[in-house]
Amino acid sequence: METEKLDIYARMRKVMEEMAYFHKSSRNIAQTYSYVGIEAIKRRLVTSLAKWQLTIACTDRKLLQFIVTQDAKGQRVDAVASFRLGIWYEGTMLYFEGLGSGSDRGDKAVMKANA
């Protein structure tokens, strides 16, 4: 199938296929674990969207919940964020809405929820 003949839905499927798997290439040396870095995800997403000629914008993002609790191990933060993405291709627009959540002992819970 030629790229020019793909509609927005087929192009989004191609992007989703390209985003399906990530190797845990980042490493937290202090706490000795590997993880998928957000930079790798963003880099691949931007490359894939450009390849398939799609434009994306976050049209709305809200922090819905931010809870700080104290337990035996210290402070814990739980966060929930919502987002709305708009994707455009040749006059056709799709919207996607989603939720993200994050939980952490430090200040990274909101970043995790947004990621």
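Details of the structure are given in the entry above.
Every chain begins its residue count from 1, and numbering advances along the sequence as written. With pLDDT at 70 or above as the cut-off, local features in this predicted model cover only qualifying residues; side-chain atom pairs require 80 or more to be listed or tallied, and sums for whole chains, interfaces and linings still use all residues. Computation of side-chain values: all heavy atoms of the structure, hydrogens and water removed.

Visitor: Help me understand the environment of Leu 99 in this model?
Guide: By the criteria applied, helices consist of DSSP H or I runs no shorter than four residues and strands consist of E runs no shorter than two, each listed in order from the N terminus. Of note, Leu 99 is situated in strand 5 (residues 92-104). Separated by 21 residues in sequence, Leu 99 and Asp 78 have C-alpha atoms that sit 13 Å apart.

Visitor: Quick question: what am I supposed to make of the nonpolar core here?
Guide: The nonpolar side chains of soluble globular proteins are, as a tendency, buried together. We call a set of buried Ala, Val, Leu, Ile, Met, Phe, Trp, Tyr and Cys residues a nonpolar core when their side-chain atoms join them within 4.5 Å. Remark: exposure states derive from per-residue accessible area (1.4 Å probe, protein chains only) relative to the maximum for the residue type, with buried under 20%, exposed over 50%, and partly exposed in between. Formed by 13 residues in total, the largest nonpolar core has its most connected members in Ile 8, Met 12, Val 15, Trp 52, Leu 54 and Ile 87. Listed by contribution, the elements that provide at least two residues to this core are helix 1 (8-18) and strand 4 (74-89). For this core, the leading source of residues is helix 1, giving 4 residues. Formed by 5 residues, the second largest nonpolar core is a distinct cluster that contains Ala 79, Ala 81, Ala 109 and Ala 113.

Visitor: In this structure, what is going on with helix 2 (residues 38-51)? I would like to understand it.
Guide: Each full turn of the α-helix corresponds to 3.6 residues, which orients residues three or four apart in the same direction. The length a helix should cover is 1.5 Å for every residue beyond the first. For helix 2, which comprises 14 residues, the first-to-last C-alpha distance of 20 Å matches the rise-based estimate of 20 Å (1.5 Å per residue) to within 8%. Just downstream of helix 2, Gln 53 is the residue with a positive phi angle, here 60°.

Visitor: Mind showing me how you'd approach the environment of Ala 10 here?
Guide: Tracing the backbone shows Ala 10 in helix 1. Assessed through its relative accessible area of 10%, Ala 10 is described here as buried. Spatially, the C-alpha atom of Ala 10 lies 34 Å from that of Ala 109, the residues being 99 residues apart in sequence.

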